[in-house]
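Secondary and tertiary structure notes
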Amino acid sequence: MTSADKEYDLLVINATVLTMDNAGSVYERGAVGVRDGKLAYVGPLSAAVTAETAGLVAGETVAEAAAEAAADVIDACGMIVLPGFVNTHIHIFQSLLKGLGADHELVEWLNLSALPYGALATPAHHRIAARLACMEAIRSGCTTLAEFFYTAQDPALADAVIEGMLSTGMRSVFIRTFQDTGLDYGMPACFIEPAGAAMSAVADLRRRYPVAEYPMLDIWTGPDVTWSTTRAGYAEMLEYCLGEGVNYSMHILETTVDNEMCQREHGCDIVDMLEGLGFLTERMLAVHCVNLTDRDIRRFADYGVSVSHNPAPNLYLGSGIAPIAEAVKAGVNVSLGTDGAASNNTTNMLETMKLAALGQKGRLRRASALSAAETCAFATTGGARALHKQEQIGTLETGKRADFIVFNPDVLTSTPVHDPLAAVVYASEPRNIEHSVIDGRVVLRDGRFVNGLDEREVVEETKKAVRELMAMR
Ligand SMILES: [Zn+2]
């Protein structure tokens, strides 16, 4: 048989398969088969390789039968397969700024770190930051990443980030945001533009990166933050997005500054203003939400707004802990983000899951406030839904795109395993991610990057780029 004749391009065998589907299906000795970038089989191993499909003959081992059924076989005995994680919020260029502005609160930290260096970064800086951030994300099990791009809006910078992301194989959402005010709050002048010009630029990006040609990329938009957006700016963006079917995201209620500023400028709280504009829709992905009130939560649930919960930066900047357990109870779709590495210091989804769960347990003084299963669902199904990709990814179900990870629990951190989900959420580290498959393509194999991605090279290039960037100020 030639590989084109085989039933599967890739077959993962002997693993515990956590599908994260609605029924919570788990296959103890399971298999995952991939064909043409899609999941062609998810279920018990015994039904993945049959006499009919694999030419199984008496006495043949499962490995031999699998090798006949598939062009490529990964034996994941003792390992756990689960959907790849979806990181719904990052600022890629901040991967060059880890630790800068440490131990300062949000607005001070912004002015020490993300804003001045964001104004100076060149396309080469953005490109290497994208490779670093995506590879770090892949190492922690992430297979989809939503970049919230808010620095100087030169199209060459956007192109560099997109090129860097796609070069790693990452399924990518590029959120080309805008600021149409904000000088008083320290926004660099080069970030600020009229909302109309911004929407033209978004439309241009969508024309230059059509889905048919770039199936691994979506282009979104959104206002950056309350204090850098005018009321007219929100309205203009909304008209464009609803007219063209474009999704949008924004930072909201990360700290009390949003409502203070909104009260001063508009005489109402931010969620009231957005509701009045018709801004609260299913297309909106609200990032942070630390200071959501019960009434805000009910409105998010009613309008179908999704939340990106970013526990690491919320703790690091002393912003607080978002009322996520309450949002889930109200029916809000919750996803997870790492945020930029300047306010997190890593792009680690395993750590983010653990912080998300522990944060709610501690805040509410209730160990059952958020379970391992619920937290893992934020990183998989919740993320897929937040990015409007629930038909493609988020669970392991036949017909979906083949985005999954193979978690090897046989490292000191996670040994022994009594409960696979508890191991993944509470006792894990990037070293557990043995293999990663995105859109049917293996990107990490036996703990090493493949397809020409060289970790050492990216580390060295990053250090060089950072020396240059620091010298520019
Ligand atoms: Zn952010």
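Residues numbered from 1 in each chain as written. Predicted model: local features only at pLDDT ≥ 70, side-chain atom pairs only at ≥ 80, totals over all residues. Heavy atoms only, no water.

Binding of the zinc ion to the protein goes through His 89 (NE2), His 91 (NE2), His 251 (NE2) and Asp 339 (OD), at separations of 2.1 to 2.4 Å. Viewed at the metal, the four donor atoms of the zinc ion are separated by angles of 84 to 177°, and the geometry they form is irregular. Donor residues binding the zinc ion come from one chain and are separated in sequence as H-x1-H-x159-H-x87-D. Here His 251, found in strand E10 (residues 248-252), pairs with Asp 339, found in the loop between strand E13 (334-336) and helix H15 (349-364); they are 88 residues apart in sequence, far enough to count as distant. For the pair formed by His 251 and Asp 339, the shared burial category is buried. (Donors = N, O, S within 2.8 Å, 3.2 Å for Na, K, Ca; no water. Tetrahedral: all angles 85-135°; square planar, octahedral: opposite > 155°, others 65-115°. Helix = DSSP H or I, 4+ residues; strand = E, 2+ residues; numbered from the N terminus. Buried < 20%, exposed > 50% of the residue type's maximum accessible area, 1.4 Å probe, protein only.)

Looking now at helix H3 (residues 62-69). Regarding H3, the residues found buried are Ala 65, Ala 66 and Ala 69. Seen along its axis, H3 keeps its buried residues to an arc of 100°; they face one direction. (Arc of directions from axis to C-beta.)

Moving on: the nonpolar core. Within soluble globular proteins, side chains that are nonpolar tend to cluster in buried spots. Grouped together as the largest cluster of nonpolar side chains are 124 residues, with contacts concentrated most on Phe 85, Ile 252, Leu 274, Met 284 and Phe 300. For this core, the domains that each give at least three residues are domain 1 (3-82 + 394-449) and domain 2 (84-386). Non-local contacts of Phe 300, meaning those with residues more than four positions away in its chain, are made with Val 271, Leu 280, Ala 286, Cys 289, Leu 292, Val 305, Val 307 and Val 332. Residues Val 17, Val 32, Val 42 and Ala 402 belong to the second largest nonpolar core, which totals 18 residues. (Core = buried A, V, L, I, M, F, W, Y, C linked by side-chain atoms within 4.5 Å. Domains from an automatic or database assignment. Contact = heavy atoms within 4.5 Å.)

Time to look at the domain arrangement of the protein chain. In terms of domain boundaries, the protein chain breaks down into domain 1 (3-82 + 394-449) and domain 2 (84-386). Its C-alpha centre places domain 1 at a distance of 32 Å from the equivalent point of domain 2. The partner domain 2 presents 31 residues to the 27 residues of domain 1 that form the contact. Taken together, the two surfaces of domain 1 and domain 2 that pack against each other cover about 2200 Å², and 69% of this comes from carbon and sulfur. Seen at the junction of domain 1 and domain 2, the total is two salt bridges. In this structure, the salt-bridge partner of Arg 171 is Asp 439, at a minimum N-O distance of 2.8 Å. Connecting domain 1 to domain 2 are eight residue pairs in polar contact (both at pLDDT 80 or more). Counting residues per element, the side of domain 1 that touches domain 2 draws most heavily on helix H17 (residues 420-426), which supplies five residues. Taken together, the residues of the side of domain 1 that touches domain 2 sort by class into 16 nonpolar, five polar and six charged. (Buried area = accessible area lost by both parts, 1.4 Å probe. Salt bridge = Lys/Arg side-chain N within 4 Å of Asp/Glu carboxyl O. Polar contact = N/O pair within 3.5 Å; in protein donor to acceptor, adjacent residues only side chain to side chain. Nonpolar A, V, L, I, M, F, W, Y, C, P; charged D, E, K, R; others polar.)

It is worth spelling out the pairing of strand E2 (residues 26-35) at this point. One ladder, built from seven bridges, connects strand E1 (residues 8-18) with E2; its direction is antiparallel. Bridge pairing in E2 places Leu 10 opposite Val 34. Sheet analysis places E2 next to strand E3 (residues 38-44), joined by six bridges and oriented antiparallel. Its bridge partner lying in E3, Val 34 is registered against Leu 39. Where E2 hands over to E3, the hairpin turn is made up of two residues, of which Asp 36 adopts a positive phi near 50°. (Pairing = 2+ DSSP bridges.)

Here we take up the side chain of Ser 335. Structurally, the position occupied by Ser 335 is in strand E13. The residues contacting Ser 335, other than those within four sequence positions of it, are Thr 88, Leu 285, Val 307, Ser 308, His 309, Phe 378, Gly 382, Gly 383 and Ala 386.

Turning our attention to the environment of Glu 7. Inspection of the secondary structure puts Glu 7 in the segment before E1. When its relative accessible area of 31% is taken as the criterion, Glu 7 is described as partly exposed.

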